[in-house]
Amino acid sequence: VWSFRDITKRKRAEEALRESEEKYRTIFLNSPLGIFRSSFEGRFLDVNPATAKILGYDSPEAVIREIYNIAEQIYVHTGDRQRIVSEQLGSADNTHYVNRFRRKDGSEFIANLYLKTIHDAEGRPIYLQGIVEDITERKRAERDIALMNFALNNVHDAAFLIDENAHFNYVNEYVCRALGYSRDELLGLGVPDIDPDFPAELWQSHWDDLKTRGSLTFEGRHRAKDGSIFPVEISANYIEYDGKGYNLALVRDITERKRAEEERLAHLRFF
């Protein structure tokens, strides 16, 4: 016999479940991340609009209708899904993968894939629940940054990235060797700390001139950590990134050039 209290408790539980399902569905439909459920055999059971967009389909319904073998149609390397599914069957945790996938038009992309095996009341695995995030552009940007770092660390010039306040935002390995500082030490310094001819009060006029002209080439001097001073030629270039201005300065030690010039002038004076 059901009491009024039992019915009220059941109604509250049903209402809480309905609210939870509504919240999940709202997130499911509006999330910028792909959310999906799939069978272990390789069929999508449910996908949100973001998943369809990531995979290059017009709608979630089209994904479910047209993709009949996830491993063959979505994975660049078919065997990857088989391996992932095997790992998931032996795990109850959320698992993160980074994998290459294929869109409807055949183009490839790299994505973060988060998977969890969902079990029934008896503990039997019934389907996979997952989140997919296209990180192709992020990976491309990371490769571009890695390439830039490699290039700048392998040139025979010092490279500085300097902000509007004369602080160093980046230095290559050559700078560290030439000045005798560690990279961390240099990233806590600025132009006035290494240039005896460039006190802080001169920086703003230099910055304004560089911003107006776009690039400047001039000679100066740098002071190493041990106090030694040597002549340099500086090629300063104004660039903007993400709404901020920077000076990309390439600096060459011209000690030998200056010594050769002095020897030539001394030779001329002798005659």
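Undergrad: Before we go on, may I ask you to explain the sheet that holds strand β4 (residues 108-119) in this structure?
TA: The sheet built from five strands is open, its strands ordered β2-β1-β5-β4-β3 with antiparallel pairing. One side of each edge strand has no neighbouring strand; the edge strands of this open sheet are β2 (44-47) and β3 (95-102). Ignoring strand direction, the axes of neighbouring strands in this sheet form an average angle of 30 degrees. Across eight bridges, the pairing between β3 and β4 is antiparallel.

Undergrad: Help me understand a nonpolar patch on the surface in this model?
TA: On the surface, a nonpolar cluster with roughly 220 Å² of combined accessible area is contributed by L33, Y114 and I131. In this structure, Y114 sits in strand β4.

Undergrad: What am I meant to see in the sheet that holds strand β9 (residues 229-241) here?
TA: Adjacent strands of a sheet form backbone hydrogen bonds with each other and so pair up, either parallel or antiparallel. The five strands lie next to each other as β7-β6-β10-β9-β8, forming an open sheet whose pairing is antiparallel. Bordering the open sheet on either side are β7 (168-171) and β8 (215-223), each of which pairs with just one other strand. Direction aside, neighbouring strands of the sheet carry axes that sit 30 degrees apart on average. By the bridge criterion, six bridges tie strand β6 (residues 158-163) to strand β10 (residues 244-253) in an arrangement that is antiparallel. Bridging from a neighbouring strand, L161 pairs with L248 of β10. This element, helix α10 (residues 200-213), spans β6, β8, β9 and β10 of the sheet and lies at about 150 degrees to β8.

Undergrad: I'm lost on the packing of aromatic side chains in this one. Help?
TA: The description of an aromatic ring pair uses the distance of the two centres, along with the angle that the planes make with each other. Within the structure shown, the criterion is met by seven aromatic pairs. Seen in terms of ring centroids, F160 and F168 are 5.0 Å apart; in terms of plane orientation they differ by 40 degrees. Their pairing is tilted. Each member of the pair F160 and F168 is classed as buried. Clustering of aromatic rings is evident, with ring pairs tying together F198, W203, W207 and Y238. The ring of Y127 has R37 lying over it, and the distance from NZ or CZ to the ring centre is 5.0 Å.

Undergrad: Where do I start with the pattern of salt bridges in this structure?
TA: Side chains that differ in sign of charge can pair as their charged atoms come close. Inspection of the entire model under this criterion finds 21 salt bridges. For the salt bridge of D120 with R124, the shortest nitrogen-to-oxygen distance reads 2.8 Å.

Undergrad: In this structure, what is going on with the confidence of the model for the protein chain? I would like to understand it.
TA: As a general rule, the predicted coordinates of low-pLDDT regions are not to be interpreted in detail. Per-residue pLDDT for the protein chain has a mean of 90; in total, 92% of the residues score no lower than 70. Averaged pLDDT values for the elements of the protein chain fall to 71 in helix α1 (residues 4-30) and rise to 97 in helix α2 (residues 49-55).

Undergrad: What exactly am I supposed to notice about the pairing of β7 here?
TA: Side-chain direction in a regular strand flips from residue to residue, so the side chains alternate between the two faces of the sheet. Both β6 and β7 contribute to a ladder of three bridges, which runs antiparallel. Note on β7: the bridge partner recorded for F160 is V171. Between β6 and the antiparallel strand that follows it, β7, lie four residues; A166 among them carries a positive phi value of about 75 degrees.

Undergrad: What is the right way to look at the environment of R183 in this model?
TA: With respect to the helices, strands and loops of the structure, R183 is situated in helix α8 (residues 183-186). Taking relative accessible area as the criterion, R183 reaches 31% and is therefore assigned partly exposed. Distance from R183 to G56, taken between C-alpha atoms, is 44 Å for residues 127 residues apart in sequence.

Undergrad: How should I be thinking about the pairing of strand β1 (residues 34-38) in this particular structure?
TA: The buried fraction of β1 is high, at four of five residues. Here five bridges tie β1 to strand β5 (residues 125-134), and the two strands are oriented antiparallel to one another. Paired with F36 across the two strands is G130, which belongs to β5. Following β1, the chain reverses through five residues before pairing antiparallel with β2; G42 in that reversal takes a positive phi of roughly 115 degrees.

Undergrad: How do you make sense of α10 when you look at a structure like this?
TA: Along an α-helix, residues three or four positions apart point the same way, because every turn accommodates 3.6 residues. The terminal C-alpha atoms of α10, which comprises 14 residues, lie 21 Å apart, in line with the 20 Å expected from a rise of 1.5 Å per residue. Listing the buried residues of α10 in full gives W203, H206, W207 and L210. For α10, the arc enclosing every buried residue in end-on projection is 110 degrees, short of the 170-degree limit, so these residues lie on one face. Turned more than 90 degrees from where α10 packs its buried face, E201 and T212 sit exposed.

Reading the values: rules and limits
Residues numbered from 1 in each chain as written. Predicted model: local features only at pLDDT ≥ 70, side-chain atom pairs only at ≥ 80, totals over all residues. Heavy atoms only, no water. Pairing = 2+ DSSP bridges. Helix = DSSP H or I, 4+ residues; strand = E, 2+ residues; numbered from the N terminus. Axes fitted to C-alpha atoms, helices over the stretch in contact; angles between N-to-C directions. Patch = residues over 30% accessible without salt bridge, like charges linked within 9 Å, V, L, I, M, F, W, Y side chains within 5 Å. Areas by Shrake-Rupley, 256 points an atom, 1.4 Å probe, with all protein chains shown as cover. Salt bridge = Lys/Arg side-chain N within 4 Å of Asp/Glu carboxyl O. Contact = heavy atoms within 4.5 Å. Phe/Tyr/Trp six-rings, centres within 6.5 Å; stacked < 30°, edge-to-face > 60°. Buried < 20%, exposed > 50% of the residue type's maximum accessible area, 1.4 Å probe, protein only. Lys NZ or Arg CZ within 6 Å of the ring centre and 35° of its normal. pLDDT = per-residue confidence, 0-100. Expected span 1.5 Å × (residues − 1). Arc of directions from axis to C-beta.

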